[in-house]
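Understanding the architecture of this molecule
One-letter residues, chain by chain:
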Amino acid sequence: MARPQHRTPEHRAERKRITAAQARGEWLICVQGWHGSSGGCLHPTRDIAPTDEAHVAHNDEGNVVIGPAHALCNVTDGGQRRHVAKDVTRWVL
Ligand SMILES: [Zn+2]
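Below is a short write-up of the structure. (Residues numbered from 1 in each chain as written. Predicted model: local features only at pLDDT ≥ 70, side-chain atom pairs only at ≥ 80, totals over all residues.)

As a further point, take the overall build of the protein chain. Secondary structure assignment for the protein chain yields two helices and four strands. Listed by position from the N terminus, the elements making up the protein chain come as α-β-β-β-β-α. Taking all 93 residues of the protein chain together, the buried fraction comes to 22%. Within the protein chain, residue pairs in contact and separated by at least 24 positions form 51% of the contacts whose partners lie at least 6 positions apart. (Helix = DSSP H or I, 4+ residues; strand = E, 2+ residues; numbered from the N terminus. Buried ≥ 20, exposed ≤ 12 C-beta atoms within 10 Å, placed from the backbone. Contact = placed C-beta atoms within 7 Å.)

Shown next as structure tokens:
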């Protein structure tokens, strides 16, 4: 189930750029935790190998594409943010 932020032209362009770079055998840098995104890189190094699964990362608002992130780092950060949002709702109620 794709989130709305994954349907933007910016997201698709970055996805394409990442895929093309990896196809050329280029290494990428995981940006999780930078540029307005919370969380951080969970791998021992921020290097993303051409064979690693890379995701398109967004800032916390989800409206700015900030670059590639390891799949693990990106998914973990998204999950934590949803968890936090749920806790906030509980306090408000
Ligand atoms: Zn990472």
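Turning our attention to the pairing of strand E3 (residues 54-58). Along E3, five of the five residues are buried, which leaves the element largely enclosed by surrounding structure. Burial along E3 is two-sided: the face carrying Ala54, Val56 and His58 and the face carrying His55 and Ala57 are both buried. By the bridge criterion, five bridges tie E3 to strand E4 (residues 65-70) in an arrangement that is antiparallel. In the strand pairing of E4, His58 is matched with Val65. Hairpin connection between E3 and E4: a loop of six residues separates the two successive antiparallel strands, and Gly62 in this loop has a positive phi of roughly 80°. (Pairing = 2+ DSSP bridges.)

Formed by Leu28, Cys30, Val31, Cys41, Ile48, Ala54, Val56, Ala57, Val65, Ala69 and Cys73, the largest nonpolar core amounts to 11 residues. Of all elements in the fold, only E3 and E4 reach the threshold of two or more residues within this core. For this core, the element with the most residues is E3, which contributes three residues. Beyond its immediate sequence surroundings of up to four residues, Val31 is in contact with Ala57, Ile66, Gly67, Pro68 and Ala69. (Core = buried A, V, L, I, M, F, W, Y, C linked by C-beta atoms within 7 Å.)

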